[in-house]
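Structural overview for review
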Amino acid sequence: MSIALHHHNSLLTSCKTLRALTQIHASFIKSGLDTDSYFTGKLILQCSISIPGALPYARRLLLSYPRPDAFMFNTLVRGYSQSNNPQSSISVFVEMMRKARIFPDSFSFAFVIKAAASFGSLRTGFQLHCQALKHGLGSHMFVATTLIGLYGECGCVEFARKVFDEMPKRNLVAWNAVVTACFRGNDVAGAEEIFGEMSVRDQMSWNVMLAGYTKAGEVGSAKRLFSDMPSKDDVSWSTMIVGFAHNGSFHEAFSCFRELLRAEMRPNEVSLSGVLSACSQSGAFEFGKALHGFVDKAGYSWIVSVNNALIDMYSRCGDVSLARLVFESMPEKKSIVSWTSMIAGLAMYGHGEEAIRLFNEMTESSVNPDKISFVSLLYACSHAGLIREGEDYFSKMKRVYNMKPEIEHYGCMVDLYGRSGKLQKAYSFICQMPVPPTAVVWRTLLGACSSHGDTELAEEVKHKLNELDPNNPGDLVLLSNVYATSGKWKDVASIRKSMIVNKIKKVTGWSLVEVDKAMYKFTAGEKKKGRIITEAHEKLKEIILRLKDEAGYAPEVANALYDIEEEEKEDQVSKHSEKLALAFALARFPQGASIRIVKNLRICRDCHAVMKLTSRVYGVEIVVRDRSRFHSFKDGSCSCRDYW
């Protein structure tokens, strides 16, 4: 290669922007290199793989070149298969097939089949499989392995295994691919069978099994496999930590992270994000703070995804001010996830106006909102009672940002109207939706009917839910709540009886509280068994007596959903899980320490009243995260301003 050609080649290889590439292309045209297949192929390769947003330019180059070859087509098919628009790989492949002098090879099929897997098109996959067979490449190791991945992605385990069985030669990649396909198709037994048949396994083989078990919820099997592994890399550790967090085994996620550090392994961003996620879900604030210290000390604070996880952790553990501090201190450019996480954090606390200001700051920073951003923003408007603002931003989605609202956005609008008591407006909104309402949307309105005591509309909404999800225990409990509040005890009894007959169980309420970096769980109506629960009950008795004596507390027995004597109703509401968690924390914490409680259901009015009074009488700050938002109790008032 001459010095001039070598210079052009070096320029092309180092090119990182589309503007620079067009200038190089112009110099090629001037020097006559635009007719050279080598340099045209390099141009297409650079556009397709290395330069963001340059695929349309690569396509124009390919279509304008008079004698394109298989390498050029394969490069563009590969580029689209790795992009956000993998469907375009198919059209490029079809164009290639139309060229009489160009024949697809194993690379062509591997790239285009991978594209079909990316957008989950089984029909396209079948057609490509037929073409591969027609060209004698159906059993080619590279093509067959990609076909296994395609069928696995589409949940067709039987086809994936058939392709695997027909392969004349199989390498480790093919074995690992068919194990993954089994897990994707929920065939755990099939994955175990194939894994057992493997004569040779690499680290990937073990990690594939670990990931499959954790995604299938088989935490016990994952733990056994993890302990049997001949060696563990950072992927193995992060898979276990994320798997524990995903399956609600928070204590085990924390233990696994500690074990990782004891093994002198360096955590990666996935394991850090996973353990922070466990803190977020369980409300383990103190452990999360300790992790934040580790992140700063170990030099991870520059990683955007770890900062995003910290924002989410602090937001969901009850300290939005620390979440904001992490957000403002981020050294790198904030991603859309960073902005959305912070907006969602503010929304959970009912800080609607602040969430709107942050959303506007984001758009002014040239970060375009996505659909998740709008869900968080509408959620913020709903929990702050900002009806006009919510309507305005819902309209802006279509009018300004050209986004088509999805069912989640419509659900937020129903919640916005329902939470504010505009039940008929919420009902009319659902009836006028351009997309069919889901059970979740109707359930949102049913919850609002329960809160506002609208029996007539609740019955109508439940009739709609019967068509979509007839035996959902939550819906039956909500309707029962409406009847109980209205004193319709016969209707309450009828619902309870039908639940017993149909073996429908109500979701048990539970609460978590962190004491000395350990998580304690309490369930509603828990009997006095064991030292912890006995201690909680004894302290709760003391709290209730003191609240009655010093603050005039009277239990809101409307939350007791049976037609029983008043004294029995008082006893029933006193055993709610958040009260037990509060009592245990007060018994163990030093005076004045903040208490953070996580609850799986919506906090009831009586528990809300107890938290407010306790914060004043005992001089303690209490933060409760229920199913949908945060309540920060201080000096006898709540951050929600009794709007929840």
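Now for a description of the structure that goes with this document. The shown structure was predicted, so the numbers you read here are calculated from the model rather than taken from an experiment. (Residues numbered from 1 in each chain as written. Predicted model: local features only at pLDDT ≥ 70, side-chain atom pairs only at ≥ 80, totals over all residues. Heavy atoms only, no water.)

**Comments concerning the pattern of salt bridges**
In this structure the tally under the stated criterion is 22 salt bridges. Across the pair E153 and R184 runs a salt bridge, and its minimum N-O distance is 2.8 Å. Remark: R184 occurs in helix α11 (residues 172-184) and E153 occurs in helix α9 (residues 141-153); sequence separation between them is 31 residues. When the shortest N-O distance is used, the salt bridge between R324 and E354 registers 2.7 Å. Of the two residues, R324 is situated in helix α20 (residues 320-329) and E354 in helix α22 (residues 352-364); the sequence distance between them amounts to 30 residues. What you see here is one network of salt bridges that share partners, running through R324, E328 and E354. (Salt bridge = Lys/Arg side-chain N within 4 Å of Asp/Glu carboxyl O. Helix = DSSP H or I, 4+ residues; strand = E, 2+ residues; numbered from the N terminus.)

**Here's the deal with the packing of helix α14 (residues 219-228) against helix α15 (residues 234-246)**
The geometry of α14 relative to α15 is characterised by a closest axis approach of 11 Å and an angle of 160° between their N-to-C directions. Between α14 and α15, the angle falls in the class roughly antiparallel. Both α14 and α15 take part in a crossing whose hand is left-handed. Listed contacts from α15 to V219, A222, K223 and F226 of α14 are S236, W237, M240 and F244. Considering only residue class, the contact of α14 with α15 consists of six nonpolar, one polar and one charged. (Axes fitted to C-alpha atoms, helices over the stretch in contact; angles between N-to-C directions. Parallel < 35°, antiparallel > 145°, perpendicular 65-115°, else oblique. Left-handed = near helix turned anticlockwise from the far one by under 90°. Contact = heavy atoms within 4.5 Å. Nonpolar A, V, L, I, M, F, W, Y, C, P; charged D, E, K, R; others polar.)

**Quick word on empty space enclosed by the protein**
Scanning all chains against the criterion turns up one cavity of 30 Å³ or more. A volume near 60 Å³ is recorded for the largest cavity. In this structure, the largest cavity is lined by 13 residues; those nearest its centre are G283, C317, R596, I597 and V598. The set of elements that each furnish at least two residues to the lining of the largest cavity consists of β3 (595-599) and β4 (622-625). Broken down by element, the lining of the largest cavity gets its largest block of residues, three residues, from β3. Residues of the lining of the largest cavity, tallied by class, amount to seven nonpolar, three polar and three charged. (1 Å grid on protein atoms, 1.4 Å probe; cavity = no way out; pocket = protein on both sides within 12 Å on 5 of 7 lines; lining within 4 Å. Points joined across faces, edges and corners; volume = space filled by probe spheres on them.)

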